[in-house]
Structures are given as C-alpha cells and as structure tokens.
Amino acid sequence: MDKKPLARKKAKKLIRMGNNAYFNGNYEKALSHFDKALKLYPEDAGAWNNRGLVLKMLGRLEEAVDSYNRALEIDPSHGDAWYNKGNLLSTMERFKEALYCYQKAVDINPDDTEARNAMRYCEEKLQAGEGEGSPGEEGLDVMAEVAEEVVADEAVEGLKERGTEETEQKAKEEVGDE
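What counts as what
Residues numbered from 1 in each chain as written. Predicted model: local features only at pLDDT ≥ 70, side-chain atom pairs only at ≥ 80, totals over all residues. Heavy atoms only, no water. Helix = DSSP H or I, 4+ residues; strand = E, 2+ residues; numbered from the N terminus. Buried < 20%, exposed > 50% of the residue type's maximum accessible area, 1.4 Å probe, protein only. Contact = heavy atoms within 4.5 Å. Areas by Shrake-Rupley, 256 points an atom, 1.4 Å probe, with all protein chains shown as cover. Expected span 1.5 Å × (residues − 1). Polar contact = N/O pair within 3.5 Å; in protein donor to acceptor, adjacent residues only side chain to side chain.

Some thoughts on the overall build of the protein chain
Along the protein chain, the regular secondary structure elements total eight helices and zero strands. Each of the 178 residues in the protein chain was classed as buried or not, and the buried ones make up 35%. Long-range contacts, defined as pairs at least 24 residues apart, comprise 48% of the intrachain contacts of the protein chain with a sequence gap of at least 6. For the protein chain, the exposed surface amounts to about 10900 Å²; the carbon and sulfur share of it is 49%.

Structure, rendered in structure tokens:
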C-alpha cells in the first residue's frame, strides 16, 4: 500500500494549522507545524515557502533563505517564493540578489506590480551604492542585464502576439472570412 497520499493528506492538515498559527502571530507554533508537515511530505514547495516566512518573522534569516531555496528547488515557477525571497534579501540589504528574485517573480507573473515596485527600489539602492554587493558600477551592470532581459522578454511576447494575429488573419483569408 502506497503511504504517500496519506502522508500528503496529513501534511496538508499540518500546513493549514501552520498557516493559522502564522496569521495569529504564533510563529514558533507555526514553525513546528510546518516542520512536521515537511517531515511527512518534503516535496511541498508551498510549505517550504511558508516556513521561510515564519523563519523571517523569528529573525532566523539565513534559515529562511534556505527554506525559500528549497521551495524553489522543488518548484522553480513558485512566484511567491521568488517574491518572498526577494523581500528577505532586500531586508538583508542584499539588493543585487533581491533584484534577481523579483525579476524571476515578474517573469512568472508579469502583472505582479509589487514585485515590479520592489525591483525599482532595489535598482535605486544599487545605483546609490547601498547594500551588500552593490558598489556603483557593478550594481549598474546588474540593472542593465536585468533591463536587457525584460526588454528581450517583452519583444518575444510582442512577436508571439503579432505572430498569432497574423496567423489568425491568414486563416480567415484562407476560409474567406474577413
């Protein structure tokens, strides 16, 4: 008998209990619930992300970074984990790393205005030479790289949209619709 579905079900219950404890400000209890859940089902990226939030609130910042990293190893498309890791790194004045995380969050969810605003904040800090790993020119190089990626991504999306419109128009012309 496969015990994985049962373990996952128990883990989900513990995660809900951890979320409730977190929202009630009981961070130690929340951490305990998340740790128990992850022992049962360590593949839950959301639980690792939530564990990171709790650890940040407890001031255990490096452990929080590790939890976000684990969430992202499991699910590299977990936008909230990228965003939360960016927030943590920004708090730690590691703006270059935070900027990268926010960019990943925006790549996953282009409508994420909070991540876009956080990117601008990090860019300003890097331009001012503030934070770890942000001496003037290096910070500007990072921002230029990120800007190039954003422009390239937007160009690709524009081509996809234009290609779709052109394909639809050709299809209409072939069947005689206008």
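Details of the side chain of Lys85
Structurally, Lys85 can be placed in helix H5 (residues 79-91). Apart from residues lying up to four places away in sequence, Lys85 is in contact with Val65, Tyr68, Asn69, Leu72 and Cys101.

A look at helix H3 (residues 45-57)
Over its 13 residues, H3 runs 19 Å from end to end, which matches the ideal 18 Å to within 8%, given 1.5 Å per residue. Every buried residue of H3 is listed here: Ala45, Ala47, Trp48, Asn49, Asn50, Arg51, Gly52, Val54 and Leu55. For H3, the capping residue at the N-terminal end is Asp44, with a side-chain oxygen 3.0 Å from the backbone nitrogen of Gly46. Just past H3, the residue Gly59 takes up positive phi, approximately 80°.

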